Structure formats: C-alpha cells, structure tokens
Amino acid sequence: ESYYNLGRVYHQLGFYRHAVELYTVALYTPLKIHDKRFDLTPEIAFNLSQIYRRSNDHRRANQLIAKYCTI
C-alpha cells in the first residue's frame, strides 16, 4: 500500500517516471494479507495504464487493463 500511495503522489505531481517505478513495485509485490478487500492491484494497474496511455503506449495500457481490471 505504501508504494501505491507514493506512486499516487508522484502521479498527481506529474513525476510520471517515478510514479511508474513505484506502481510497478506495488503491482508485483505480493500481498502479506490474503484478503481480497485489501488488494489494490486493479487500482494500481488502472493508474499505471493511464500513464501509459498519456505517453501513447496503448498496447501496454490495454495489457494491464485486460490482466488486472477485468471482472
């Protein structure tokens, strides 16, 4: 959760490179609590996909959405 929150700060400040690094770490760090209520993976993937879309990397953005944000 810490990596996600720091990534959000950098994302909102416009420091996209740092946000991508922190979102990526957050995305691939396993949960210590195995409770789906605390799983931020869809939110992380969505925010990361928004950065990729902004930089015109639509393929990578679509991959993240398809893998982590589908119901």
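Let us look at the structure shown here.

How each quantity is defined
Residues numbered from 1 in each chain as written. Predicted model: local features only at pLDDT ≥ 70, side-chain atom pairs only at ≥ 80, totals over all residues. Heavy atoms only, no water. Salt bridge = Lys/Arg side-chain N within 4 Å of Asp/Glu carboxyl O. Buried < 20%, exposed > 50% of the residue type's maximum accessible area, 1.4 Å probe, protein only. Phe/Tyr/Trp six-rings, centres within 6.5 Å; stacked < 30°, edge-to-face > 60°. Helix = DSSP H or I, 4+ residues; strand = E, 2+ residues; numbered from the N terminus. Axes fitted to C-alpha atoms, helices over the stretch in contact; angles between N-to-C directions. Parallel < 35°, antiparallel > 145°, perpendicular 65-115°, else oblique. Left-handed = near helix turned anticlockwise from the far one by under 90°. Contact = heavy atoms within 4.5 Å. Nonpolar A, V, L, I, M, F, W, Y, C, P; charged D, E, K, R; others polar. Expected span 1.5 Å × (residues − 1).

Once that is clear, we can look at the pattern of salt bridges. The tally for this structure, following the rule as stated, stands at 1 salt bridge. A salt bridge links Asp57 to Arg60; the shortest N-O distance between them is 3.5 Å. For Arg60, a relative accessible area of 36% gives the class partly exposed.

Attention now goes to the packing of aromatic side chains. As enumerated under the stated definition, the model contains 2 aromatic pairs in all. With a centroid separation of 6.2 Å and an interplanar angle of 35 degrees, the aromatic rings of Tyr4 and Tyr23 are classed as tilted. Remark: Tyr23 occurs in helix α2 (residues 16–28) and Tyr4 occurs in helix α1 (residues 2–13); sequence separation between them is 19 residues. With a relative accessible area of 0%, Tyr23 lands in the buried category. Consider the rings of Tyr10 and Phe15, whose centres lie 6.2 Å apart with planes at 75 degrees: the pair is edge-to-face.

Relative orientation of the contacting elements α1 and α2 amounts to 160 degrees, with a least axis distance of 8 Å. Judged by the angle between their axes, α1 and α2 are roughly antiparallel. Judged by the sense of rotation from one axis to the other, the crossing of α1 with α2 is left-handed. Judged by residue contacts, Tyr3, Tyr4, Leu6, Gly7, Arg8, Tyr10 and His11 of α1 engage Tyr16, His18, Ala19, Leu22, Tyr23, Val25 and Ala26 from α2. Broken down by class, the residue content of the contact of α1 with α2 amounts to 10 nonpolar, 3 polar and 1 charged.

Between its first and last C-alpha atoms helix α3 (residues 41–54) spans 20 Å; for 14 residues at 1.5 Å apiece the expected length is 20 Å, and the two agree. Thr41, Ile44, Ala45, Asn47, Leu48, Ser49, Ile51 and Tyr52 are the residues of α3 that are buried. Buried residues along α3 sit in contact with α1, α2 and α4 (58–68). Positive backbone phi, approximately 65 degrees, marks Asn56, located one or two places after α3.

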